[in-house]
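# Structural features, examined
The primary structure of each chain is shown beneath.
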Amino acid sequence: MSDEEYEHRLQSVIDGSCFAKYLDKVLKQKQELQDKLAGIEKTEQMLRAKIAESQTKK
């Protein structure tokens, strides 16, 4: 790592910009997981409905 890169990284820690960047990354991952969970919950609801439907036909 060059001196310039080191100074840039150190400054980002001092001014907090590295934390803001990391927070953005975490929030993006959180949103992706929430979207995935919503899809899984939809699938669960569909499967439960199909199971209930097939059990009432017996």
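A short tour of the structure in this document, coming up. In this text, all values refer to a predicted model and were calculated from it rather than measured experimentally. (Residues numbered from 1 in each chain as written. Predicted model: local features only at pLDDT ≥ 70, side-chain atom pairs only at ≥ 80, totals over all residues. Heavy atoms only, no water.)

Next up on the list: the overall build of the chain. Across its full length, the chain carries two helices and zero strands. Scaling as 2.2 N^0.38, a compact globule of 58 residues should have a C-alpha radius of gyration of about 10 Å, whereas the chain reaches 23 Å, well beyond that. Counting only C-alpha atoms, the chain reaches 75 × 20 × 10 Å along its principal axes. Scored against the burial criterion, the 58 residues of the chain give a buried share of 2%. Surface summary for the chain: the accessible area is close to 5,700 Å², and the carbon and sulfur share equals 57%. (Helix = DSSP H or I, 4+ residues; strand = E, 2+ residues; numbered from the N terminus. Rg over C-alpha atoms; globule rule 2.2 N^0.38 Å. Buried < 20%, exposed > 50% of the residue type's maximum accessible area, 1.4 Å probe, protein only. Areas by Shrake-Rupley, 256 points an atom, 1.4 Å probe, with all protein chains shown as cover.)

Here we take up the packing of helix α1 (residues 3-15) against helix α2 (residues 17-56). If you want to describe how two helices pack, look at the angle between their axes and the distance between the axes. Between α1 and α2, the shortest axis-to-axis distance is 5 Å and the interhelical angle comes to 80°. The pairing of α1 with α2 is recorded here as roughly perpendicular in orientation. Judged by residue contacts, Ser12, Val13 and Asp15 of α1 engage Ser17, Cys18 and Phe19 from α2. Of the residues in the contact of α1 with α2, the class split is three nonpolar, two polar and one charged. (Axes fitted to C-alpha atoms, helices over the stretch in contact; angles between N-to-C directions. Parallel < 35°, antiparallel > 145°, perpendicular 65-115°, else oblique. Contact = heavy atoms within 4.5 Å. Nonpolar A, V, L, I, M, F, W, Y, C, P; charged D, E, K, R; others polar.)

On the surface, Asp3, Glu4, Glu5 and Glu7 cluster together into a negatively charged patch. Here Glu5 lies in helix α1. Among the residues examined, Glu5 registers a relative accessible area of 44% and is labelled partly exposed. (Patch = residues over 30% accessible without salt bridge, like charges linked within 9 Å, V, L, I, M, F, W, Y side chains within 5 Å. Salt bridge = Lys/Arg side-chain N within 4 Å of Asp/Glu carboxyl O. Lys, Arg positive; Asp, Glu negative; His and termini not counted. Charge placed at Lys NZ, Arg CZ, Asp CG, Glu CD.)

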